[in-house]
Amino acid sequence: MEALVVIIISTVFVNNIVFSQFLGICPFLGVSNKISTSMGMGAAVIFVITIATLVTYLVFQYILVPFNLVFLQTICYILIIAALVQMLEIMLKKVSPSLYQALGIFLPLITTNCAVLGVSIMVIQQNYNLGGALLYAFFTAVGFALALVLFAGCREHLEMMDPPKNMKGMPIALITAGILALAFMGFAGLNLFKY
């Protein structure tokens, strides 16, 4: 149980994929103008990262390793993620048009999100079993979604403020992202099981 709590806290807060590992910065800055769009993107990323990690983990363990093709890992992962997002888009369009309309904008963006590829590779590097890999992937994606929603809230608030002329737009957004990253660094000092 302690290991489960450590994985959850460390992936969401301490080693946040955006603020600590600097993966997924492009969608983080591009889709974080409104809380509603960032929540949609966060939900889509949670789903895609979890499913992509499952598929890439199985491909790595049962195809690449037995056939001594580990050197093709990155290329295979990129193809799997792109194909997975395309299949997901097609299935959603047929099965649930309303959900497709809600997530349709975000699905193509997820294909180019380096956080999806990064999590799939980190799972293998850290030697997780399948359960641990899925747990790590899910909560890493939750950390991404949390960062996205927090940043969107800050940006919505900044729109109501009157910063200096030279700071409007992306400069103040980058400063805000840096302050959020510093705030998340404070979680690194947590010692969960000291007492």
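This section reports on the structure supplied with the text. Bear in mind the structure is a predicted one, so any value in this text is a computation, not a measurement.

Reading guide: rules and limits
Residues numbered from 1 in each chain as written. Predicted model: local features only at pLDDT ≥ 70, side-chain atom pairs only at ≥ 80, totals over all residues. Heavy atoms only, no water. Helix = DSSP H or I, 4+ residues; strand = E, 2+ residues; numbered from the N terminus. Salt bridge = Lys/Arg side-chain N within 4 Å of Asp/Glu carboxyl O. Buried < 20%, exposed > 50% of the residue type's maximum accessible area, 1.4 Å probe, protein only. Core = buried A, V, L, I, M, F, W, Y, C linked by side-chain atoms within 4.5 Å.

Attention now moves to unusual backbone geometry. Here Phe22, not a glycine, exhibits a phi torsion of approximately 55°, which is positive. The residue Phe22 is located in the loop between helix H1 (2-14) and helix H2 (25-30) in this model. The residue Asn127 is not glycine, and still its phi comes out positive at about 55°. By the element assignment, Asn127 lies in the loop between helix H7 (114-125) and helix H8 (130-160).

Let us look at the pattern of salt bridges. Two side chains with opposite charge may pair up if their charged atoms get near one another. Counting across every chain of the model gives one salt bridge. Among the ionic pairs, Lys168 bridges to Asp162, the shortest N-O distance being 3.7 Å. Taking relative accessible area as the criterion, Lys168 reaches 48% and is therefore assigned partly exposed. With a relative accessible area of 67%, Asp162 lands in the exposed category.

If you look at the biggest cluster of nonpolar residues, it comprises 51 residues, and the most contacted ones within it are Ile17, Phe19, Phe28, Ile49, Ile110 and Val119. For this core, the secondary-structure elements that each account for two or more residues are H2, helix H3 (35-64), helix H4 (73-95), helix H6 (106-111), H7, H8 and helix H9 (170-185). It is H3 that provides the largest number of residues to this core, a total of 11 residues.

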